[in-house]
Amino acid sequence: MSERDHEYGAASGREAGIPPRSERDHEQESPEDRAFREEARAWLAAHAKPRRGESEFTRRYASADNSPAADAEHVRLCREWQRTLFEGGFAGINVPKEYGGRGGTAKQARIFAQEQARFDVNSGVFAVGLGMVVPTLLAHGTEEQKYRYIPALLRGDEVWCQLFSEPGAGSDLAGLRTRAVRDGDEFVVDGQKVWNSGAHHSDMGILLARTDVDVPKHRGITYFLVDMRTPGIDVRPLRQINGVAHFNEVFLSDVRIPVANVLGEVNGGWAVAQTTLANERNMIGGGTGGGAGVGFGDFKRLAQEYGVAGDPVIRQGLADAFIRFEVIRYLGARAQAAIRAGKMPGPESSVLKLSMSEHVARNGDLALAIQGAAGMLIGEDATQNGLWQQQFLGQWGIRIGGGTEQIQRNVIGERVLGLPAEARPDKTLPFRELLSS
Ligand SMILES: Cc1cc2nc3c(=O)[nH]c(=O)nc-3n(C[C@H](O)[C@H](O)[C@H](O)COP(=O)(O)OP(=O)(O)OC[C@H]3O[C@@H](n4cnc5c(N)ncnc54)[C@H](O)[C@@H]3O)c2cc1C
């Protein structure tokens, strides 16, 4: 098994195809949760447009319009919605009130996400912040750090990105080589990160850097909170297969980060990163719910629109898709139950992430099979401005990001099935000895 069983990007909710709300979700709700659902539904109806067919957000996602103006407009809309949530008391549903949240439960967060998915709204660019940074700050932050960063994030003031991967450290994340050297009250950081989703429009980043090369690789890493406007940070967008420049390379040269921005202990960053990565897998798998995803009903409507809903092969594909949507919904509920019981997402998040990536891949194939020859069209010529083609092309992002399918299989093999562990001779050697290899 490789060291990194992780990762993701801001579009995950959309790419993942979060299952839609089902009436069965209400069956076992307590009176309080049912009342919360009603309150959320009424508030959403008063503040957002219902999602009918093609939404403004999915249209933008499908358009692959990469211009800075389109990106800025997307960020503006996400900020605006996050701010509306905050002002309405619906931002950070299960975040303690003292940090600007609602002080509710994880179950209520899921209920709200289910209700919100029926409306044409999205906080997409806050995915890393809300799904990964907030839980990590809550688990490892000082009080000062929590008060400084969590309310600003929930208010929609600060967009965050994740600066973990490097050209030589993806699956083997603990092999990262970006260095941070202490200089008085600051660390000076030099190195390169890559595949950093949304870094080009982020205000803050979570950064892993090596602070000790004389200990084994996991023990010399520190976790930093970095202001993306710090001199020495150079963000260069990378274009993906679907035409969108969703992620970036980030170069760091003599970047000065205050010691106060270390999250957790110096050299103790690996443990902090595990909280981020577990939440990330869970988020990609849909365990935290929410997002303007594509649901089973969208496939059914597409098949009806193309007049192939009665075709036996397509019908079989639709039946398979329905089963997958249901299985993923239950896997998500299981991950949520673990979180509610106060457990860190465990290997079940790998099962969820792997199931979700296979689900997305097969959904892409099904959507294009439904469209037949029209599946070859793209952009404005295609149905729903090419939304389905984008879903098809976007599958590789989700199959790699958050820890590749192979890595998830390794985790499941070792931690769930108890198979012999992969040999890791580099685990105990001082990192300095690996640098020369
Ligand atoms: C859409 C997207 C968004 C991303 N967003 C971010 C982000 O915001 N921030 C960030 O830091 N990173 C991000 N990443 C990076 C992501 O975490 C890495 O791409 C991922 O961890 C894989 O690492 P790698 O690309 O270096 O591939 P490698 O680790 O080099 O893997 C290459 C191939 O080898 C296989 N492999 C490697 N090790 C093993 C092993 N031990 N056993 C079996 N097979 C193995 C892999 O499965 C893969 O097929 C993103 C990636 C994508 C696709």
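Structure: see above.
Let us look at the structure shown here. Here the residue numbers are simple positions, counted from 1 along each chain's written sequence. For this predicted model, a pLDDT threshold of at least 70 governs which residues receive local features, and a threshold of 80 or more governs which side-chain atom pairs are given and counted, while totals over whole chains, interfaces and linings are taken from all residues. Hydrogen atoms and water are omitted, and side-chain values are computed over all heavy atoms in the structure.

### A few points about the pairing of strand 3 (residues 186-194)
Strands qualify as paired when DSSP identifies two bridges or more between them. Put simply, DSSP H or I for four residues or longer makes a helix, DSSP E for two residues or longer makes a strand, and each gets a number counted from the N terminus. Direction of pairing for strand 2 (residues 179-183) relative to strand 3: antiparallel, over a ladder of five bridges. Along strand 3, the bridge assignment pairs Val-181 with Val-188. Hairpin connection between strand 2 and strand 3: a loop of two residues separates the two successive antiparallel strands, and Gly-184 in this loop has a positive phi of roughly 65°. Note: strand 3 against strand 7 (residues 247-258), eight bridges, orientation antiparallel. What sits directly across from Val-188, in strand 7, is Arg-256.

### Observations concerning the pattern of salt bridges
Working definition: two side chains of opposite charge can pair if their charged atoms are close together. Definition used for salt bridges: Asp or Glu carboxyl oxygen within 4 Å of a side-chain nitrogen of Lys or Arg. Enumeration over the complete set of coordinates arrives at 28 salt bridges. With its nearest N and O atoms 2.7 Å apart, the salt bridge here joins Glu-115 to Arg-37. Pair noted here: Glu-115 is in helix 5 (residues 106-116) and Arg-37 is in helix 2 (residues 31-47), with a separation of 78 residues, a long-range link. For Glu-115, a relative accessible area of 0% gives the class buried. Through salt bridges with shared partners, a single ionic network connects Glu-29, Arg-37, Arg-41, Glu-115 and Arg-118. Exposure classes here rest on a 1.4 Å probe applied to the protein chains alone. A residue is buried below 20% of its type maximum, exposed above 50%, and partly exposed in between.

### A short note on the packing of helix 11 (residues 348-371) against helix 13 (residues 405-416)
Look at helix 11 against helix 13: their axes get within 9 Å of each other, and the N-to-C directions meet at 145°. Here helix 11 runs over helix 13; the crossing is left-handed. Contacts between helix 11 and helix 13 involve Ser-350, Val-351, Lys-353, Leu-354, Ser-357 and Glu-358 on the former and, on the latter, Glu-405, Gln-408, Arg-409, Val-411 and Ile-412. Simply put, an axis is a line fit to the C-alpha atoms, just over the touching stretch for a helix, and the angle between two N-to-C directions goes from 0 to 180 degrees. Take the far helix as the reference: if the near one is turned anticlockwise from it by less than a right angle, the crossing is left-handed, and if turned clockwise, right-handed. By definition, residues are in contact when any of their heavy atoms lie within 4.5 Å.

### As for the packing of aromatic side chains
When two rings of Phe, Tyr or Trp (its six-membered ring) have centres within 6.5 Å they constitute a pair, described as stacked for plane angles under 30 degrees, edge-to-face for angles over 60, and tilted for the intermediate range. Within the structure shown, the criterion is met by 15 aromatic pairs. Taken together, a centroid distance of 5.2 Å and an interplanar angle of 55° make the contact between Trp-195 and Phe-247 tilted. A residue pair is termed long-range when its members are at least 10 positions apart, and Trp-195 in the loop between strand 3 and strand 4 (204-210) and Phe-247 in strand 7 qualify at 52 residues. Classification of Phe-247 as buried rests on a relative accessible area of 18%. With a centroid separation of 5.7 Å and an interplanar angle of 85°, the aromatic rings of Phe-392 and Trp-396 are classed as edge-to-face. Of this pair, Phe-392 and Trp-396 both sit in helix 12 (residues 387-400), four residues apart, which is roughly one turn of that helix. On the basis of relative accessible area, Phe-392 is assigned to the partly exposed category, the value being 22%. Classification of Trp-396 by relative accessible area gives partly exposed; the value is 37%. Grouping aromatic residues by their ring pairs yields a cluster made of Phe-36, Trp-43, Trp-81, Phe-90 and Phe-112. Two conditions define a charge sitting above a ring: the NZ of Lys or the CZ of Arg must be within 6 Å of the ring centre, and it must be within 35 degrees of the ring normal. A cation sits over an aromatic face here: Arg-155 above Phe-86, 6.0 Å from the ring centre.

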